[in-house]
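Working through the structure, step by step
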Amino acid sequence: MTEKKEYEFGVIGMAVMGRNLALNMTDHGIRVAVYNRSSEPTETAVKLSGGKLHGTSSLVELVSSLGRPRKILLMIKAGEAIDAVMEQLAPLLDAGDIVIDGGNSWYEDTRRREKNYLSAGIKFFGVGVSGGVDGARHGPSLMPGGDRTAYQALKPVFEAIAARTESGPCVTYVGPDGAGHFVKMVHNGIEYADMQFIAEAYHLLKDVAGLNPDKLEDVFNEWNLGPLESFLIEITAKIFAVKDPESGGYLVDQILDSAEQKGTGLWTARVALEQGVAIPSIIAAIDARALSSRKAERVRASRLLPGPKLTRHMGDTRKLIQQIHDALLASKVVAYAQGLSLIGTLSSRNAWGIDLGEIARIWKGGCIIRARLLDLVTQAYDRDNALPNLLLDAGIREVIESRQVAWREVVCLAQTHGIPVPAMASGLAYYDSYRCAELPQNLIQAQRDAFGAHTYRRKDDGSGKVIHTEWLD
Ligand code: NAP
């Protein structure tokens, strides 16, 4: 009986993520009660915590063990399971209690769920959690969205368990309703682009520069000491070092070149297309995975479809490596610009008030896209938090200015050699479209008006008046 109301936080779901977040909390002296639908994961978690976690065997027992306002984190399978558990919890909770969904949920579901709990006065938070299993255990990047006042009750715990960088804990109040899950979704979209840029650089280094994994490890380790320093570059260097015990060669060479994907990349593309925000590098990365999965077709096509004969680069290899480095860096900046433009657009359309500089700051540690370059992004929004596009910032322009020639040369070289670089090339096209004062879309408007009477506006008439012309008479 003395245990009643003793626990500060409840965690539901003791699979890898929930268990590690709960253990992370206990490391910081937070008293946590846990529950899992089946009992074994609860027992394992309690054992791993050395008895610090309080295991419960029902939702009623979990809820009654928590102090008020109750704070309960759901770390369970995204989708219907969240709705089911929220429904079971509702009659057990009181107004002011806080339920947090830390899974990878679709942000429109989060908005709906928050509304459903509103009439009972229960606060609902959708929190993006990034950093995988290791992040959950030792410090993730957290992207909480929900009621700003209720966030004050969560802040001390979130700040304690989040990753830390020199600019503080990698968590901030993102915005109301689905803002947290939306930002996490776009984070994953940027992650897709980042991984694809690295894969394209690898393709060029391997097939055009002729580097073997041993050499690639050195190149990536060297890149990780400079402006490309990031988690993904670091792990890529480590991947090149792993040997295959069966063949004695490198393990990376033995992996089937057919990439899989879960839903968040697709969600990012879907929202961007629906909202009319261009994110071509992210979409190119999704397409690249889709095309890669058609392995048998590609093998057949490789024998049938003509292309340039693949030849080794005959010039200065060090120079080529530096050019690929620069193309990778410039492409990365443009992917941030695309992702942040999507977040900024949805933030203003939904009145979320998201601080983009803060988002770049909390991505600097704990999460998969953590990178040194994000400092420049934060600084850009510190200079002007109403930047319509990251590319307009002077500091960001400087990064691209000295590298855009190399970026173009790398894309040309890839195309001359028949090496696909869809994300780098579409990033460059985005950059060139964005800096183009006169695009050819006047012709598209004329075509639309000619075949469908869709009308157009004249450059010399600022009133916005629409005109139709009988083009084909
Ligand atoms: P998971 O495999 O996604 O889900 C398993 C957990 O969900 C188990 O605890 C399971 O309980 C519970 N569950 C499933 N259906 C349920 C239901 N109808 N009612 C109650 N509980 C139910 O676990 P995870 O990998 O730890 O991920 C948890 C969440 O974090 C997911 O939303 C995931 O997308 C997100 N996430 C995962 C990662 C990662 O790296 N894994 C990273 C960031 C975010 P039983 O044991 O009883 O089946």
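Our subject in this report is the structure included herewith. Note that the structure is a prediction, hence the values are computed from the model and not measured.

Lining the immediate surroundings of the ligand are 18 residues, of which Met17, Asn36, Arg37, Ser38 and Ile76 lie closest. Residue Arg37 places a side-chain N or O atom 2.9 Å away from an oxygen atom belonging to the ligand. Between the ligand and the protein, one listed contact pairs an oxygen atom with a backbone N or O atom of Ile76 at 3.1 Å. Out of a free accessible area of 900 Å², the ligand has 72% covered by protein chains. Elements that contribute at least two residues to the shell around the ligand include exactly helix H1 (16-27) and helix H4 (80-89).

This part is about the pattern of salt bridges. One pass over the full model with this rule turns up 29 salt bridges. Where Asp27 meets Arg137, a salt bridge forms, and the shortest distance between an N and an O atom there is 2.7 Å. Of the two residues, Asp27 is situated in helix H1 and Arg137 in helix H6 (residues 132-138); the sequence distance between them amounts to 110 residues. Within this structure, Asp83, Asp101, Asp109, Arg112 and Arg113 form a network of salt bridges that share partners.

Taken as a whole and judged by the stated rule, the model has 15 aromatic pairs. Taken together, a centroid distance of 5.0 Å and an interplanar angle of 70° make the contact between Trp106 and Tyr107 edge-to-face. Overall, Tyr107 belongs to the buried group, its relative accessible area being 4%. Summarising the aromatic geometry, the rings of Tyr202 and Phe240 are spaced 5.4 Å apart at their centres and angled 40° between planes, so their arrangement reads as tilted. One end of the pair, Tyr202, is in helix H8 (residues 179-207); the other, Phe240, is in helix H10 (residues 231-241), with 38 residues separating them in the sequence. The rings of Trp106, Tyr107, Phe182, Trp267 and Trp352 are connected pair by pair, giving a single aromatic cluster. Over the ring of Trp106 we find Arg270, and its NZ or CZ is 4.8 Å from the ring centre.

Strand pairing in a sheet is mediated by backbone hydrogen bonds. Such pairs are either parallel or antiparallel. Here seven strands make up an open sheet; going across it, the order is S3-S2-S1-S4-S5-S6-S7 and the pairing mixed. Among the strands making up the open sheet, the edge pair consists of strand S3 (54-55) and strand S7 (141-145). Pairing analysis gives three bridges linking strand S1 (residues 9-12) to strand S4 (residues 71-74), with the strands arranged parallel. In the strand pairing of S4, Val11 is matched with Leu73. On top of the sheet, helix H5 (residues 107-118) reaches strand S5 (98-101) and strand S6 (123-130); it is set at about 155° to S6, its chief contact. Sheet contacts for H8: S5, S6 and S7; angle to S6, the most-contacted strand, approximately 15°.

Positionally, Gly427 belongs in helix H19 (residues 422-434). In this structure Gly427 comes out as buried when scored by relative accessible area, which is 0%. If we skip the residues at most four places from it in the chain, Gly427 touches Ser281, Val334, Gln338 and Trp407.

Within the largest apolar cluster, 95 residues are counted, with the highest numbers of intra-cluster contacts made by Phe182, Phe220, Trp223, Ile343 and Trp363. When residues of this core are assigned to their parent elements, the largest contribution, 16 residues, is made by helix H14 (residues 317-349). Each of domain 1 (9-177) and domain 2 (184-434) accounts for three or more of the residues forming this core. Apart from residues no more than four positions distant in its own chain, Ile343 is found in contact with Phe182, Val183, Val186, Ile354, Leu356, Ile359 and Trp363. Ranked by size, the runner-up nonpolar core spans 30 residues in total, among them Met14, Leu23, Val127 and Ala136.

Running from N to C, helix H9 (residues 213-223) and H10 point in directions that differ by 160°, and their axes come no closer than 8 Å. Taken together, the axis directions place H9 and H10 in an arrangement best described as roughly antiparallel. As for the relative orientation of H9 and H10, their crossing is left-handed in sense. Contacts between H9 and H10 pair Pro213, Leu216, Glu217, Phe220, Asn221 and Trp223 from the former with Ile233, Thr236, Ala237, Phe240 and Ala241 from the latter. When the residues that make up the contact of H9 with H10 are grouped by side-chain class, the tally is eight nonpolar, two polar and one charged.

Conventions we followed
- Residues numbered from 1 in each chain as written.
- Predicted model: local features only at pLDDT ≥ 70, side-chain atom pairs only at ≥ 80, totals over all residues.
- Heavy atoms only, no water.
- Near = heavy atom within 4 Å.
- Polar contact = N/O pair within 3.5 Å; in protein donor to acceptor, adjacent residues only side chain to side chain.
- Areas by Shrake-Rupley, 256 points an atom, 1.4 Å probe, with all protein chains shown as cover.
- Helix = DSSP H or I, 4+ residues; strand = E, 2+ residues; numbered from the N terminus.
- Salt bridge = Lys/Arg side-chain N within 4 Å of Asp/Glu carboxyl O.
- Phe/Tyr/Trp six-rings, centres within 6.5 Å; stacked < 30°, edge-to-face > 60°.
- Buried < 20%, exposed > 50% of the residue type's maximum accessible area, 1.4 Å probe, protein only.
- Lys NZ or Arg CZ within 6 Å of the ring centre and 35° of its normal.
- Pairing = 2+ DSSP bridges.
- Contact = heavy atoms within 4.5 Å.
- Axes fitted to C-alpha atoms, helices over the stretch in contact; angles between N-to-C directions.
- Core = buried A, V, L, I, M, F, W, Y, C linked by side-chain atoms within 4.5 Å.
- Domains from an automatic or database assignment.
- Parallel < 35°, antiparallel > 145°, perpendicular 65-115°, else oblique.
- Left-handed = near helix turned anticlockwise from the far one by under 90°.
- Nonpolar A, V, L, I, M, F, W, Y, C, P; charged D, E, K, R; others polar.

The values reported here are purely geometric and, on their own, carry no functional implication.
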